[in-house]
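# Architecture and fold: a report
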Amino acid sequence: MSIKPTAFLILSALLLGTAAQAQSTTVRYRCSEGKPLTVTYTMGETRMTARVKIDGIQRVMTLDNQNEDDSLSVFSGEEHQMLTDPMNVNTLRTAGVTSLSNEVQQVQFENCRPVRGR
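Residues numbered from 1 in each chain as written. Predicted model: local features only at pLDDT ≥ 70, side-chain atom pairs only at ≥ 80, totals over all residues. Heavy atoms only, no water.

## Some points on the sheet that holds strand E5 (residues 73-77)
Under the convention used in this document: Between any two strands, at least two bridges found by DSSP are needed for them to pair. Starting at the N terminus, helices and strands are each numbered in turn, a helix being any DSSP run of H or I of at least four residues and a strand any DSSP run of E of at least two. Simply put, an axis is a line fit to the C-alpha atoms, just over the touching stretch for a helix, and the angle between two N-to-C directions goes from 0 to 180 degrees.
In spatial order, the strands read E1-E2-E3-E4-E5-E6-E7-E8; together these eight strands close into a barrel with antiparallel pairing. Neighbour-to-neighbour, the strand axes of the sheet open up by a mean angle of 30 degrees, direction not taken into account. As defined by bridge partners, strand E7 (residues 97-101) adjoins strand E8 (residues 107-114) across four bridges and the pair is classed as antiparallel. Counterpart to Ser101 in the pairing with E8 is Val107.

## Some remarks on the pattern of salt bridges
Applied cut-off: One speaks of a salt bridge when a side-chain nitrogen belonging to Lys or Arg is within 4 Å of a carboxyl oxygen belonging to Asp or Glu.
In the structure shown here, the tally under the stated rule is two salt bridges. Salt-bridge contacts for Asp85 lead to Arg113; the nearest nitrogen and oxygen are separated by 3.1 Å. Of this pair, Asp85 sits in the loop between strand E6 (80-84) and E7 while Arg113 sits in strand E8, and the two are 28 residues apart along the sequence.

## Some details on the nonpolar core
Rules: Here, nonpolar core means buried Ala, Val, Leu, Ile, Met, Phe, Trp, Tyr and Cys residues that are tied together by side-chain atoms lying within 4.5 Å of each other. To sort residues, take the accessible area from a 1.4 Å probe on protein chains only and compare it with the maximum for the residue type: under 20% means buried, over 50% means exposed, and anything in between is partly exposed. We call two residues contacting when some pair of their heavy atoms lies within 4.5 Å.
Within the largest apolar cluster, 21 residues are counted, with the highest numbers of intra-cluster contacts made by Tyr29, Leu37, Val39, Tyr41, Phe75, Met82 and Met87. For this core, the secondary structure elements donating two or more residues are strand E1 (23-30), strand E2 (36-43), strand E3 (48-54), strand E4 (57-63), E7 and E8. Ranked by residue count, the leading element in this core is E3, at four residues. Discounting chain neighbours no more than four positions away, the residues touching Phe75 are Tyr41, Met48, Thr49, Ala50, Met61, Thr62, Leu63, His80, Gln81, Met82, Thr84 and Met87.

## Quick look at the packing of aromatic side chains
Note the following rule: Two rings belonging to Phe, Tyr or Trp (six-membered ring only in the last case) form a pair when the distance between their centres is within 6.5 Å. Interplanar angles under 30 degrees mark stacking, angles over 60 mark edge-to-face geometry, and anything in between is tilted. Remark: a charge is flagged as sitting over a ring if the NZ atom of Lys or the CZ atom of Arg is within 6 Å of the ring centre and within 35 degrees of the ring normal.
Per the counting criterion, the structure on display carries one aromatic pair. In this structure, Lys35 is placed above the aromatic ring of Phe109, and the distance from its NZ or CZ to the ring centre is 4.6 Å.

## Quick look at unusual backbone geometry
Positive phi values are uncommon outside glycine, yet Glu78 reaches one of about 50 degrees. Its place among the elements puts Glu78 in the loop between E5 and E6. Unlike most non-glycine residues, Glu79 shows phi in positive territory, near 65 degrees. The exposure class of Glu79 is exposed, given its relative accessible area of 57%.

These results come straight from atomic positions and should not be treated as a statement about function.
Right under this line is the structure:
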């Protein structure tokens with residue numbers, strides 16, 4: 001089975017366009033008690049996600065716009081919740097992580113500030 005050149009070009013443009021829409025930024029934090037935390041934020045066309053490794057397991061959380069207010073952004077998913085300072089494309093590298101907790105509301109990281117690059 002072969003794909004017609006026109007269909008191939010259209011499919012390629014769609015796939016490249018989708019890939020170009022998502023933009024990732026990795027932010028390293030230093031939390032209370034000196035604990036390090038690294039979060040990779042991905043800004044898509046319709047949503048923002050945060051990827052973080054907790055206890056050796058990669059977790060993906062989505063920005064929950066319904067629970068967001070002017071003082072707090074909420075990421076949730078995979079039985080975890082991360083509360084941050086207001087998060088958007090302009091505050092991505094400067095916003096702190098207030099807390100990251102698991103499914104039983106046990107706080108695993110808190111008071112995390114971005115670490116400036118050297």
